[in-house]
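# Survey of secondary and tertiary structure
The primary structure of each chain is shown beneath.
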Amino acid sequence: MPSTLAVLMDPIEKIRVKKDSTFAMLLEAQRRGWTLLYMTQGDLALHGAEPYARLAPLSVQDDPDDWFRLGDAVWRDLRTIDLILARKDPPVDAQFVYDTMVLELAQRGGARVVNDPRSLRDANEKLFTLQFPQCIAPTLVARDAAELKRFTAEHGQVVLKPLDGMGGRGIFRSHHGDPNLNVLLETLTENGRQLAIAQQFIPQIDAGDKRILLIDGEPVPYALARIPQGDEFRGNLAAGGKGVGVPLSERDRWIAAEVAPELRRRGMVFVGLDVIGDYLTEINITSPTCIRELDAQYGLNIAGQLFDRLEAGQP
């Protein structure tokens, strides 16, 4: 039966209501009778080995001018919460990792945490794709500029990314002979101090970078193709991409089926796959989005499907 739901998220006053998937989840949970509680990173604490948070009662309404109300926050043992939605956006930095440790203690004490805090900590959204080599384009992860340049020369055109970004930030398209390649690699690797990822450029990006949402391993039947606009090569909505709903292809469903067993094993209940052409490029587990866009285009209730699954029992 519905009871207490605590959400760990970025500041609710700064979200874009029409596009925010966490907000869609909160609306659905409230409709079903869950008691909503709100926290941000600064509200987490450990009292010895006991996981606590400063939790504020929350109510929401689907009004872009007036979408939430908060009550007075009080400290509460997270082990007394029935369900915690961990929806903090990247970067997955040291502070994010520490948060997962607090949430893991809450999980051990009886709270259900979605997605599983160990997976949030362990499954980097870019590196995790490498566990499914049958699904990905040629990829290299390295700190060494010479090795990254060798990969670029081998594949002609590449996309270069940091390992901890989101929304298209810090992503570059480059090619063999690019006079800017050296400085791009110096910037991404901080002169060889941090890993960067290089992927063969996939020209089908013109048809969109598809976001496929999975609920306990089962794909929503439509994806949001985020199509680059103008002279931009990135399809990310945050980078100006246009979101167009498309039915899943057979290849999309095959990719989803390939990754689903591992997602279930790791307790990843709500996941966003990024697919360009025939290739899986990222597995988003921290705070995957696109619920509201797909709901609006197809008359869906994806958050409703998620809560059907959550209320049915442990995945």
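## Some points on the nonpolar core
Met39, Leu78, Ile84, Leu273, Leu280 and Ile283 are the most contacted members of the largest nonpolar core, which totals 38 residues. Apart from the residues lying within four places of it in its own chain, the contact partners of Ile84 are Ala6, Met39, Leu78, Leu103, Ala106, Ala111, Arg112, Val113 and Val114.

## Focus: helix 4 (residues 145–155)
Taken together, the buried positions of helix 4 are Leu148, Phe151, Thr152 and His155. Along helix 4, the residues classed as buried sweep out an arc of 100° about the axis, all on the same side. Seen from the buried face of helix 4, the exposed residues on the opposite side, beyond 90 degrees, are Ala146 and Glu154. Packing partners of the buried residues in helix 4 comprise strand 9 (139–142), strand 10 (157–162), strand 11 (172–175), helix 5 (181–189) and strand 12 (196–200).

## A few points about the pattern of salt bridges
Per the stated rule, a full pass over the model turns up 28 salt bridges. For Arg292, the salt bridge identified is with Asp62, shortest N-O distance 2.8 Å. Of this pair, Arg292 sits in helix 7 (residues 291–298) while Asp62 sits in the loop between strand 4 (50–60) and strand 5 (68–70), placing them 230 residues apart in sequence. Among the residues examined, Arg292 registers a relative accessible area of 17% and is labelled buried. Where Asp116 meets Arg118, a salt bridge forms, and the shortest distance between an N and an O atom there is 3.0 Å. For Arg118, a relative accessible area of 39% translates into the label partly exposed. It is possible to trace a salt-bridge network through shared partners that takes in Glu28, Arg31, Arg32, Asp308 and Glu311.

## Considerations on the packing of aromatic side chains
Across all of its chains, the model carries 4 aromatic pairs by this definition. A ring pair is formed by Trp34 and Phe307, whose centres lie 6.2 Å apart and whose planes are at 65°; its orientation type is edge-to-face. Placement of the pair is Trp34 in the loop between helix 1 (21–31) and strand 2 (35–39) and Phe307 in helix 8 (residues 302–312), with a sequence separation of 273 residues. For the pair Trp34 and Phe307, one class covers both residues: buried. With centroids separated by 3.8 Å and ring planes inclined at 15°, the aromatic side chains of Tyr222 and Tyr298 adopt a geometry described as stacked. With Tyr222 in strand 15 (residues 222–227) and Tyr298 in helix 7, this residue pair connects regions lying 76 residues apart in the sequence. Directly above the aromatic system of Phe201 lies the positively charged group of Arg173, at a separation of 3.8 Å from the ring centroid.

## Re the environment of Leu37
In this structure, Leu37 sits in strand 2. Residue Leu37 is classed as buried on the basis of its relative accessible area, which comes to 7%. Those residues in contact with Leu37 that sit more than four places away from it in its chain are Leu5, Ala6, Val7, Leu55, Ala56, Pro57, Arg76 and Ile81.

## A short note on the pairing of strand 13 (residues 209–215)
Buried residues dominate strand 13, accounting for 7 of its 7 residues. Of the two faces of strand 13, the one carrying Asp209, Arg211, Leu213 and Ile215 and the one carrying Lys210, Ile212 and Leu214 are both buried. Alignment of strand 13 against strand 15, held across 3 bridges, turns out to be antiparallel. Counterpart to Lys210 in the pairing with strand 15 is Ala225. Bridge analysis of strand 13 against strand 17 (residues 270–276) gives 7 bridges, and the strand direction is antiparallel. What sits directly across from Asp209, in strand 17, is Ile276. The pairing of strand 13 with strand 14 (residues 218–219) spans 2 bridges and is classified as antiparallel. By the bridge assignment for strand 14, Leu214 is matched with Pro219. Between strand 13 and the antiparallel strand that follows it, strand 14, lie 2 residues; Asp216 among them carries a positive phi value of about 50°.

## Side note on the packing of helix 4 against helix 5
Running from amino to carboxyl end, helix 4 crosses helix 5 at an angle of 130°, the nearest separation of the two axes being 10 Å. With respect to their mutual orientation, helix 4 and helix 5 come out oblique. Our pair here, helix 4 against helix 5, has a crossing hand that is right-handed. Between helix 4, through Ala145, Leu148, Lys149 and Thr152, and helix 5, the contact on the second element is made entirely by Leu181, Asn182, Leu185 and Thr189. Considered class by class, the residues forming the contact of helix 4 with helix 5 number 4 nonpolar, 3 polar and 1 charged.

Basis of the calculations
Residues numbered from 1 in each chain as written. Predicted model: local features only at pLDDT ≥ 70, side-chain atom pairs only at ≥ 80, totals over all residues. Heavy atoms only, no water. Core = buried A, V, L, I, M, F, W, Y, C linked by side-chain atoms within 4.5 Å. Buried < 20%, exposed > 50% of the residue type's maximum accessible area, 1.4 Å probe, protein only. Contact = heavy atoms within 4.5 Å. Helix = DSSP H or I, 4+ residues; strand = E, 2+ residues; numbered from the N terminus. Arc of directions from axis to C-beta. Salt bridge = Lys/Arg side-chain N within 4 Å of Asp/Glu carboxyl O. Phe/Tyr/Trp six-rings, centres within 6.5 Å; stacked < 30°, edge-to-face > 60°. Lys NZ or Arg CZ within 6 Å of the ring centre and 35° of its normal. Pairing = 2+ DSSP bridges. Axes fitted to C-alpha atoms, helices over the stretch in contact; angles between N-to-C directions. Parallel < 35°, antiparallel > 145°, perpendicular 65-115°, else oblique. Left-handed = near helix turned anticlockwise from the far one by under 90°. Nonpolar A, V, L, I, M, F, W, Y, C, P; charged D, E, K, R; others polar.

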